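# Reading the structure
Chain by chain, the residues:
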Amino acid sequence: MTQDVRQWLAEIKHLQQKVVETCQERDEAYAGAANWRKLYEREAQQRRTDATLAAQTIDALKAELIELQRLPQAQDKAPVDVAVMQQQVDQLDGAELKQKLLDLMVECDRLSQALKTEQESHTQTRNSLTIALGDTVDLLTKERAARTHHAESVPVAMNGSAASASLEASKNPSLELPPLNQVQSLV
């Protein structure tokens, strides 16, 4: 009878160790998910900042273009900054002025395209990271459900080696996200 009690105590200790290991794995998985979330938020913030800066640059160039178009009409009412620009324009001849205006218009168009490209890239990154995060949460949920189901179905009368083998067989390797190119193909 003492042998039975020792066997039960050994089984309980073994199961307690497995519970501790499972809790550690769960905590690691949560830490990984939190890390992915932090990376996503950092990337999203960077994209927002870049988009804001590009929009400000476009607005400044548009304002400069409008101001350059109005210069001949506003020579008498020109503020100090416009007066400096007026001097620069006066130094240019007609062909140079037209070329400068054309260059500014091309630059404005290029920046508009760059902003659109950046916005599309941000959307794609957001979608990819959201899918990866969702897949990770799904895997964690399935793993938790499988472990809960498996723990409930393990008979109590199992000896230590059978319980260990059963738990090892149900143990899933570390949760891994699919490769980036596979996630992008889903988008």
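A quick note: this is a predicted structure, and the numbers were derived from the prediction, not measured.

### Regarding the pattern of salt bridges
Side chains that differ in charge, positive against negative, can pair when their charged atoms come close. Tallying each qualifying case throughout the model produces seven salt bridges. We note a salt bridge from E118 to R47, for which the minimum N-O separation is 2.8 Å. Here R47 lies in helix α1 (residues 2–70) and E118 lies in helix α3 (residues 94–153), a separation of 71 residues in the sequence. Residue E118 is classed as partly exposed on the basis of its relative accessible area of 25%. Linking R110 and E107 is a salt bridge whose minimum nitrogen-to-oxygen distance equals 2.5 Å. Note that R110 and E107 are positioned in helix α3 at a spacing of three residues, about one turn of the helix. R110 sits in the partly exposed class, given a relative accessible area of 45%. One continuous salt-bridge network, built from bridges that share partners, spans E25, E143 and R147.

### Brief notes about the environment of V82
As for its placement among the helices and strands, V82 is situated in helix α2 (residues 80–91). Remark: the alpha-carbon pair of V82 and E67, spanning 15 residues in sequence, is separated by 7.9 Å.

What counts as what
- Residues numbered from 1 in each chain as written.
- Predicted model: local features only at pLDDT ≥ 70, side-chain atom pairs only at ≥ 80, totals over all residues.
- Heavy atoms only, no water.
- Salt bridge = Lys/Arg side-chain N within 4 Å of Asp/Glu carboxyl O.
- Helix = DSSP H or I, 4+ residues; strand = E, 2+ residues; numbered from the N terminus.
- Buried < 20%, exposed > 50% of the residue type's maximum accessible area, 1.4 Å probe, protein only.

Geometric values such as these leave the question of function open.
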